Every structure is written in C-alpha cells, then in structure tokens.
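Listed here are the chains, written in short residue letters.
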Amino acid sequence: MNIARGKGGLDNWRCQRAKVFAHHGAKVVIADIQDELGLAVAETLGPSNSTYVRCDVTDEEQVKNAVDKAVATYGKLDIMFNNAGTADPSKPRIIDNEKSDFDRVMSVNVTGVFLGTKHAARVMIPARSGNIISTASKILPMLHFIWQVRRLDMLVATIYS
Ligand SMILES: NC(=O)c1ccc[n+]([C@@H]2O[C@H](COP(=O)([O-])OP(=O)(O)OC[C@H]3O[C@@H](n4cnc5c(N)ncnc54)[C@H](O)[C@@H]3O)[C@@H](O)[C@H]2O)c1
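In this text the structure is predicted, and so the values were computed from the model without any measurement.

Conventions adopted
- Residues numbered from 1 in each chain as written.
- Predicted model: local features only at pLDDT ≥ 70, side-chain atom pairs only at ≥ 80, totals over all residues.
- Helix = DSSP H or I, 4+ residues; strand = E, 2+ residues; numbered from the N terminus.
- Buried ≥ 20, exposed ≤ 12 C-beta atoms within 10 Å, placed from the backbone.
- Core = buried A, V, L, I, M, F, W, Y, C linked by C-beta atoms within 7 Å.
- Pairing = 2+ DSSP bridges.
- Right-handed = clockwise from strand over helix to strand, strands pointing away.
- Expected span 1.5 Å × (residues − 1).
- Bend = angle between axes of the 7 residues up to and from the residue.
- Axes fitted to C-alpha atoms, helices over the stretch in contact; angles between N-to-C directions.
- Left-handed = near helix turned anticlockwise from the far one by under 90°.
- Contact = placed C-beta atoms within 7 Å.
- Nonpolar A, V, L, I, M, F, W, Y, C, P; charged D, E, K, R; others polar.
- pLDDT = per-residue confidence, 0-100.

Visitor: Outline the overall build of the protein, supporting the account with residue identities and numerical values.
Guide: The number of helices and strands found in the protein is 4 helices and 7 strands. Reading the secondary structure of the protein in the N-to-C direction produces β-α-β-α-β-α-β-α-β-β-β. Taken across its 161 residues, the protein has 37% of its residues classed as buried.

Here's what the structure looks like:
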C-alpha cells in the first residue's frame with residue numbers, strides 16, 4: 001500500500017511507482033510488510049519526502065495507524081494507493097486449491113483494499129478532498145469496482161493491470 005500523502009511499492013516497478021509519486025512532489029508513506037525493502041526505498045526517496053511504516057493491510061489497526069502516521073507526518077492524506085497484492089501459484093484445478101490459501105489471498109486483495117479505502121475515507125471525508133486508487137487484476141472480476149463520490153469530490157478508482 002503506498003500512501004502518497006501518498007501507499008506497497010518497494011522493488012522494481014513497485015519502487016518506480018513510489019518514485020513517480022515523489023517525482024511529482026508527493027510526500028510518500030510506504031506501508032508494507034517488507035521492512036528492509038521499505039526502509040531502503042524510503043531512504044532512496046529521501047527522508048524529507050518519504051516515510052516507511054510497517055503495515056499488514058489485513059489488520060485494521062495497522063491500516064489505521066499507517067493512515068494516521070501519514071496525516072501526523074505530512075498534515076493530510078491526498079492520495080491512498082491500495083497496491084498491496086498477493087497470489088498463489090496457479091493451480092487450475094479447483095480441487096487442488098486449499099481454502100486457507102483462498103482466504104489468505106482474499107484477505108490481502110479484498111479485505112486489504114476495503115480497509116485502506118475505509119481509513120483513507122475516514123480522514124478524507126472531513127477534509128472534503130482526496131483520491132483513492134486501488135490496483136486489481138482483470139483476471140479477478142470480483143475485485144473490479146469503481147465508484148465516484150462526486151458529492152465529496154472524492155474519486156475512488158480501480159486500476160486494472
Ligand atoms: N505483476 C503483475 O503482473 C500484476 C498483474 C495484475 C495485477 N497486479 C496487481 O498489482 C499489485 C502489485 O503487484 P506486484 O506485481 O507489484 O506484486 P508484488 O508481489 O511484487 O508486490 C506486492 C506488494 O504487496 C506487499 N504485500 C503483500 N501482502 C501484504 C500485506 N498483507 N500487507 C502489506 N503489504 C503486503 C508485498 O510485500 C509487496 O511489496 C498487486 O495488487 C497485484 O495483484 C499485478
């Protein structure tokens with residue numbers, strides 16, 4: 001999850017996303033479970049532009065804490081980027097798949113997006129400003145949603161990759 005005052009983008013193209021936010025002037029809070037990588041990316045972006053906070057997106061308290069950290073550090077939250085995601089090795093036959101694996105993927109890819117959206121909205125609604133972007137996959141139609149809260153000038157969008 002990257003919070004661009006601004007949230008998971010650590011290596012390769014994930015890191016590039018954080019860099020793009022920073023390049024365009026965003027103060028970036030990197031929220032992830034890979035501490036070493038997260039701290040390294042934050043260091044690359046520079047201490048005045050970026051902060052790393054450990055956050056398991058399936059844990060509501062940790063998501064709440066990450067959002068509060070962004071607001072406390074940079075004054076407000078302009079962009080929430082729900083980018084954390086996970087997948088299991090492809091097992092085409094349904095009978096080879098375990099419920100525990102299904103639950104784990106859903107908790108990150110669905111519950112994580114729900115919690116990130118909820119807690120971003122918690123601070124954006126009073127500010128009457130903010131943007132929420134969520135990454136999903138076109139192979140998982142149930143993750144696809146897009147809605148606009150025009151009344152609040154908030155945009156909640158899903159990026160299909
Ligand atoms: N790479 C692709 O081809 C592809 C295709 C379609 C969709 N996507 C989506 O794009 C997003 C990023 O994909 P990626 O290829 O960079 O994946 P990735 O596995 O390289 O990165 C995912 C990030 O999410 C973090 N993460 C995983 N579980 C977490 C948790 N519980 N709490 C916090 N962070 C957690 C990981 O540490 C990692 O930094 C994901 O949502 C993925 O589903 C990727």
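Once the structure has been displayed, the description carries forward.
Visitor: Can you break down the nonpolar core residue by residue, with the values?
Guide: Among the nonpolar cores identified, the biggest contains 29 residues, and A18, V28, V29, I30 and A66 are the most heavily contacted of them. Those elements that place two or more of their residues in this core are helix 1 (12-23), strand 2 (28-32), helix 2 (35-45), strand 3 (50-54), helix 3 (60-74), strand 4 (79-82), helix 4 (99-127) and strand 5 (130-136).

Visitor: Give me the pairing of strand 3: which residues, what numbers.
Guide: Counted residue by residue, strand 3 has 4 buried out of 5 residues, so it is predominantly covered. By the bridge criterion, 5 bridges tie strand 2 to strand 3 in an arrangement that is parallel. Each bridged residue has a counterpart across the sheet, and for D32 the counterpart in strand 3 is R54. With helix 2 bridging strand 2 and the parallel strand 3, this β-α-β connection has right-handed handedness.

Visitor: Tell me about helix 4, residues and numbers included.
Guide: Helix length check: helix 4, at 29 residues, gives a terminal C-alpha distance of 40 Å against a target of 42 Å (1.5 Å per residue), a fit within 8%. Considering bend angle alone, the principal kink of helix 4 is centred on S107 and spans about 35°. For helix 4, the complete set of buried residues consists of N109, G112, V113, L115, G116, H119, A120 and M124. Directly after helix 4, the chain includes R128, whose backbone phi takes a positive value near 55°.

Visitor: With reference to specific residues and values, describe the packing of helix 3 against helix 4.
Guide: For any two helices packed against each other, the geometry is given by the interaxial angle and the distance between the axes. Packing of helix 3 against helix 4 leaves a shortest axis separation of 9 Å and a crossing angle of 40°. The two elements helix 3 and helix 4 cross, and the hand of that crossing is right-handed. Judged by residue contacts, E60, V63, K64, V67 and V71 of helix 3 engage L115, G116, H119, A120 and V123 from helix 4. Here the residues of the contact of helix 3 with helix 4 are counted per class, giving 6 nonpolar, 2 polar and 2 charged.

Visitor: Before we move on, can you summarise the pairing of strand 5 with the specific residues and values?
Guide: Here strand 5 lies mainly inside the structure; 6 of its 7 residues are buried. The sheet contact formed by strand 4 and strand 5 spans 4 bridges and is parallel. Within strand 5, the residue paired with M80 across the bridge is I132. As for the winding sense of the linkage, the β-α-β connection from strand 4 through helix 4 to strand 5 is right-handed.

Visitor: Report on helix 3, specifying residues and quantitative values.
Guide: Across its 15 residues, helix 3 extends 21 Å between first and last C-alpha, which sits within 8% of the 21 Å expected from 1.5 Å per residue. Count one or two residues on from helix 3 and you reach G75, which has phi positive near 95°.

Visitor: An account of unusual backbone geometry is needed here, citing residue identities and associated values.
Guide: The phi torsion at R128 lies on the positive side, around 55°, for a residue other than glycine. Following the sequence through the fold, R128 ends up in the loop between helix 4 and strand 5.

Visitor: Go over the confidence of the model for the protein, please, and point to the residues and values.
Guide: Residues shown with low pLDDT carry predicted positions that ought not to be read at fine detail. On average, the protein scores 84 in pLDDT, and the residues at 70 or more come to 76%. Within the protein, the element-level pLDDT minimum falls on strand 6 (residues 147-149), averaging 41, and the maximum on helix 3, averaging 97. Confidence over residues 5-9 falls short of pLDDT 50; this stretch has 40 contacts with residues more than four positions distant or in other chains. Overall, residues 141-153 carries pLDDT values under 50, and its contacts beyond four positions in sequence, including any with other chains, amount to 19 contacts.

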